[in-house]
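Next come the chains, spelled out residue by residue.
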Amino acid sequence: AQTVTQSQPEMSVQEAETVTLSCTYDTSESDYYLFWYKQPPSRQMILVIRQEAYKQQNATENRFSVNFQKAAKSFSLKISDSQLGDAAMYFCAYRSVTKNYGGSQGNLIFGKGTKLSVKP
Amino acid sequence: DGGITQSPKYLFRKEGQNVTLSCEQNLNHDAMYWYRQDPGQGLRLIYYSQIVNDFQKGDIAEGYSVSREKKESFPLTVTSAQKNPTAFYLCASSAPGYSNQPQHFGDGTRLSIL
């Protein structure tokens, strides 16, 4: 079974600085998707960024980018020019790609999250 | 605007009572999911449904039940058998499981014991 590990329960960053959140995962599959979700105090889950495992190029979305190391099974999130609004829980998630409709494909496996604080 | 609507936002349960959490989506998604979130635990999957009239147990299904009679709706019942129901519950939906489309989440329901 796949597992997702976020080893940093809490992180802190100064406004305008850069911070990297770590995520590792365990799988025997060669094709899958990885996601980072943000959960602000409002508790809504917001997609930050996604990565397809077959793509070598790291995904980027404005100030958010990932460092995807497939061999190391690592998927870290880098937030540049941190803003006060970035303060939230961040969850790393894994999704299988198996085309077996009716099975468990599509289910997200979440890490336990990293709480990010941004200091003004 | 398309989205997922969960209701109510807050819910209180008495001892021995069943309560039902509503989840409705207008995204035309086939798949729907229920998660439970406890402090420091991340999200844990309760039930999921890939298609109408079919659903499967997730990792923590005991004490919960669901139905999927319509594509748009996936209600979750927290039964009296669930001894520790106090948690934040999130509903999600997505395109078919083999796609790269992410899950979209509702705003959640916070359930507490009276």
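Conventions adopted
- Residues numbered from 1 in each chain as written.
- Chains lettered and ligands numbered in written order.
- Predicted model: local features only at pLDDT ≥ 70, side-chain atom pairs only at ≥ 80, totals over all residues.
- Heavy atoms only, no water.
- Helix = DSSP H or I, 4+ residues; strand = E, 2+ residues; numbered from the N terminus.
- Rg over C-alpha atoms; globule rule 2.2 N^0.38 Å.
- Buried < 20%, exposed > 50% of the residue type's maximum accessible area, 1.4 Å probe, protein only.
- Areas by Shrake-Rupley, 256 points an atom, 1.4 Å probe, with all protein chains shown as cover.
- Core = buried A, V, L, I, M, F, W, Y, C linked by side-chain atoms within 4.5 Å.
- Contact = heavy atoms within 4.5 Å.
- 1 Å grid on protein atoms, 1.4 Å probe; cavity = no way out; pocket = protein on both sides within 12 Å on 5 of 7 lines; lining within 4 Å.
- Points joined across faces, edges and corners; volume = space filled by probe spheres on them.
- Nonpolar A, V, L, I, M, F, W, Y, C, P; charged D, E, K, R; others polar.
- Disulfide = S-S within 2.5 Å.

Asker: Would you explain the overall build of chain A in this entry?
Answerer: Each helix and strand in chain A was counted, giving zero helices and twelve strands. Along chain A, helices (α) and strands (β) appear in the sequence β-β-β-β-β-β-β-β-β-β-β-β when read from the amino end. Here the C-alpha radius of gyration of chain A, 14 Å, is about what a compact globule of 120 residues would show, namely 14 Å. Within the span of chain A, comprising 120 residues, buried residues form 47% of the whole. With an accessible surface of roughly 5,900 Å², chain A has 45% of that area assigned to carbon and sulfur atoms.

Asker: In this structure, what is going on with the nonpolar core? I would like to understand it.
Answerer: Side chains of a nonpolar character, in soluble globular proteins, are inclined to be buried together. Counting 44 residues, the largest nonpolar core has Trp36, Leu77, Tyr90 and Phe110 of chain A together with Tyr35 and Phe105 of chain B as the members making the most contacts within it. Residues in contact with Phe105 of chain B, not counting those within four places in the same chain, are Tyr37, Met45, Leu108 and Phe110 of chain A together with Ile4, Tyr35, Leu43, Leu90, Cys91 and Ala92 of chain B. Listed in part, the 20 residues of the second largest apolar core include Val19, Cys23, Leu76 and Ala87 of chain B.

Asker: Is there a simple way to think about the layout of surface pockets in this case?
Answerer: Unfilled space is identified by rolling a water-sized probe across the atoms. One number sums up the size of the second largest pocket: a volume of about 320 Å³. Forming the walls of the second largest pocket are 22 residues, and the residues nearest its centre are Gln39, Arg43 and Met89 of chain A together with Gln37 and Pro39 of chain B. When contributions to the lining of the second largest pocket are tallied by element, the ones reaching two or more residues are strand S10 (88-96) and strand S12 (114-119) of chain A together with strand S4 (31-38) and strand S9 (87-94) of chain B. Its residues assigned to classes, the lining of the second largest pocket comprises ten nonpolar, seven polar and five charged.

Asker: Whenever I open this one, the state of the cysteines confuses me. Can you help?
Answerer: Note: disulfide means a covalent bond formed between the sulfur atoms of two cysteine side chains. Residues and elements named next belong to chain B. Summed over all chains, the structure comprises two disulfides over all chains. With its sulfur 1.9 Å from that of its partner, Cys23 forms a disulfide with Cys91. One disulfide, between Cys23 and Cys91, carries an S-S torsion of -75° and so falls in the left-handed class. Of this pair, Cys23 sits in strand S3 (residues 19-25) while Cys91 is found in strand S9, placing the two residues 68 residues apart along the sequence. Residue Cys23 is classed as buried on the basis of its relative accessible area, which comes to 0%. Taking the relative accessible area as the measure of exposure, Cys91 reaches 0% and is therefore buried.

Asker: In this structure, what is going on with unusual backbone geometry? I would like to understand it.
Answerer: Glycine aside, residues mostly have negative phi, and peptide bonds are mostly found in the trans state. The omega torsion across Ser7 of chain B and Pro8 of chain B is -10°, close enough to zero to call that bond cis. Among the structural elements, Pro8 of chain B can be located in the loop between strand S1 (4-7) and strand S2 (10-13). Of note in this structure, Ala16 of chain A is not a glycine but carries a positive phi near 80°. Ala16 of chain A sits in the partly exposed class, given a relative accessible area of 47%. The backbone of Asp81 of chain A shows a phi angle near 50°, a positive value even though the residue is not glycine. Counting through the fold element by element, Asp81 of chain A comes out in the loop between strand S9 (74-79) and S10.

Purely geometric numbers; function is a separate question.
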